[in-house]
Amino acid sequence: MVPQTDEPGEALPRRLRELRTERWSGHSLTQRQLGTALGRHKPLSVALISSWENLSNPTAPPTRHLEAYALFFATERSVAQEPPRLLELGELNADELASRDDLLDELIELRNATRTGDSPGHHESAPTIGESSWRFPVDQDVTIVVAPVPAKEFATIPHTSPTDPDYVRLTRFSDLDALVELHGFIRAVNPINKIKFRTSDELRQDDYTSHLVLIGGVDWNEATRDIFRRYPMPVKQKTRLTTEDLGAFTVMENGSERSFEPTLTGDGDRRILTRDIAHFYRSTNPFNHKRTVTVLNGMFSRGTFGAVRALTDVRFRDRNEEYVQDRFGGSDTFSILTQVDVVRGRVLTPDWTNSGTRLHEWPVAEAEGKPENQ
């Protein structure tokens, strides 16, 4: 059989139709059934579903709808009862989560191919990164700073001696997920710039006057503590004095204090993090006002990783960048306190266009002198 070949614009609508009619044997869905399931309390119209499947004049669904497609078709449990329903992400098991991620990546690639005119999988012209808070002038260095792993924890990690044949230098670095993600992204956006990363106790004189990017909170990262001492702002991070302490971010406004704590649930003797609190802060560098300082920190490492992903995740970075520009454009200093959901150990990227995700913003919105989310 000769494999089906599509024009770039046809691949996505054809795949969406195949999912609806052929994903599961005996479960071909009508466009109305699918629209009702994907829309949950606000069904999507038959005309909208039809436009996404139209080969001659296709309309590419926005990311949130592709996410719904991937979630729905990740598991046959979606059609196990009548009417078909869209499960919550937390209801998926490990295999279903993997299926959902693979399907979402496929659909996004097909949509990107539709926009660029390339065939799916064609990468001679890599997708470009649009406006980014992580793009800097070509002659300006960037220094990413993480905390060193504290001595007590470091002593329990194998292969930490430089004389060990299996020695790995990065075992000294905390928040490795966040560091690897952000370093790779900043390098991609700034291919000519010098991008360094160091632990906070390794900082050199010239590092302080570069663009500083501080990963991790006040518990371990002394550079973060130092920056926050130098900048008066309404958001503070409470130090976690013990491993049992949840810590919190606090906000002081109009003489009253609000507290935002992460959420953990019990599972036998374990505590499972289901929602962290994270902070994204950008301002001028106090040591060089022609450079910036950015702080990305959570109460736990999962929250820190979520703060990083907000502006690196291909599915969310464009909408979050647009929100930042619309909300804070023209301001040298801004702060977003956000919740970061964690499902089965997986960090979900915060969507800043969703007002329920943003817990606090600073400076306050101009209208009535109140934060926009209140």
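Quick summary incoming for the structure in this document. Nothing here was measured: the structure is a model prediction, and the numbers come from that model.

1. Remarks on the overall build of the protein
Next up, step 1: When you go through the protein residue by residue, the secondary structure sums to 10 helices and 12 strands.
Next up, step 2: Expressed as a percentage of the 374 residues in the protein, the buried residues total 47%.
Next up, step 3: Restricting the contact set of the protein to residue pairs at least 6 apart, pairs at least 24 apart contribute 63%.
Next up, step 4: Surface summary for the protein: the accessible area is close to 19,400 Å², and the carbon and sulfur share equals 48%.

2. Remarks on the packing of aromatic side chains
Next up, step 1: Under the definition given, this model contains 12 aromatic pairs.
Next up, step 2: Geometrically, the ring pair formed by Tyr69 and Phe73 is stacked, given 6.1 Å between the ring centres and 20° between the ring planes. Of the two residues, Tyr69 and Phe73, neither departs from the other in class, the shared state being buried.
Next up, step 3: Centre to centre, the rings of Phe173 and Phe197 are 5.6 Å apart; their planes meet at 75°, and the pair counts as edge-to-face. With Phe173 in the loop between α6 (151–154) and α7 (176–189) and Phe197 in strand β2 (residues 195–199), this residue pair connects regions lying 24 residues apart in the sequence.
Next up, step 4: Given a relative accessible area of 4%, Phe173 falls into the buried group.

3. A short note on the packing of α7 against helix α9 (residues 301–309)
The relative placement of two packed helices comes down to the angle between their axes together with the axis-to-axis distance.
Next up, step 1: As a packed pair, α7 and α9 sit with axes 8 Å apart at the nearest point and diverge in direction by 10°. By the angle between their directions, the pair α7 and α9 is classed as roughly parallel. For the pair α7 and α9, contact is made by Asp177, Ala178, Glu181 and Leu182 and by Arg302, Thr304, Phe305, Val308 and Arg309, respectively.
Next up, step 2: Looking at the contact of α7 with α9 residue by residue, the classes come out as 4 nonpolar, 1 polar and 4 charged.

4. Section: the side chain of His211
Next up, step 1: Residue placement: His211 occurs in strand β3 (residues 211–215).
Next up, step 2: In this structure the side chain of His211 is engaged in a polar contact, spanning 2.5 Å, whose partner is the side chain of Gln140.
Next up, step 3: Excluding residues within four positions of it along the chain, His211 makes contact with Phe136, Gln140, Asp141, Val142, Thr143, Lys290, Arg291 and Thr292.

5. Observations regarding the environment of Lys236
Next up, step 1: By the element assignment, Lys236 lies in strand β4 (residues 235–238).
Next up, step 2: Taking the relative accessible area as the measure of exposure, Lys236 reaches 42% and is therefore partly exposed.
Next up, step 3: Note: C-alpha distance between Lys236 and Thr250 (14 residues apart in sequence) is 5.2 Å.
Next up, step 4: Setting aside residues no more than four positions away along its own chain, Lys236 makes contact with Tyr231, Ala248, Phe249 and Thr250.

Thresholds applied
- Residues numbered from 1 in each chain as written.
- Predicted model: local features only at pLDDT ≥ 70, side-chain atom pairs only at ≥ 80, totals over all residues.
- Heavy atoms only, no water.
- Helix = DSSP H or I, 4+ residues; strand = E, 2+ residues; numbered from the N terminus.
- Buried < 20%, exposed > 50% of the residue type's maximum accessible area, 1.4 Å probe, protein only.
- Contact = heavy atoms within 4.5 Å.
- Areas by Shrake-Rupley, 256 points an atom, 1.4 Å probe, with all protein chains shown as cover.
- Phe/Tyr/Trp six-rings, centres within 6.5 Å; stacked < 30°, edge-to-face > 60°.
- Axes fitted to C-alpha atoms, helices over the stretch in contact; angles between N-to-C directions.
- Parallel < 35°, antiparallel > 145°, perpendicular 65-115°, else oblique.
- Nonpolar A, V, L, I, M, F, W, Y, C, P; charged D, E, K, R; others polar.
- Polar contact = N/O pair within 3.5 Å; in protein donor to acceptor, adjacent residues only side chain to side chain.

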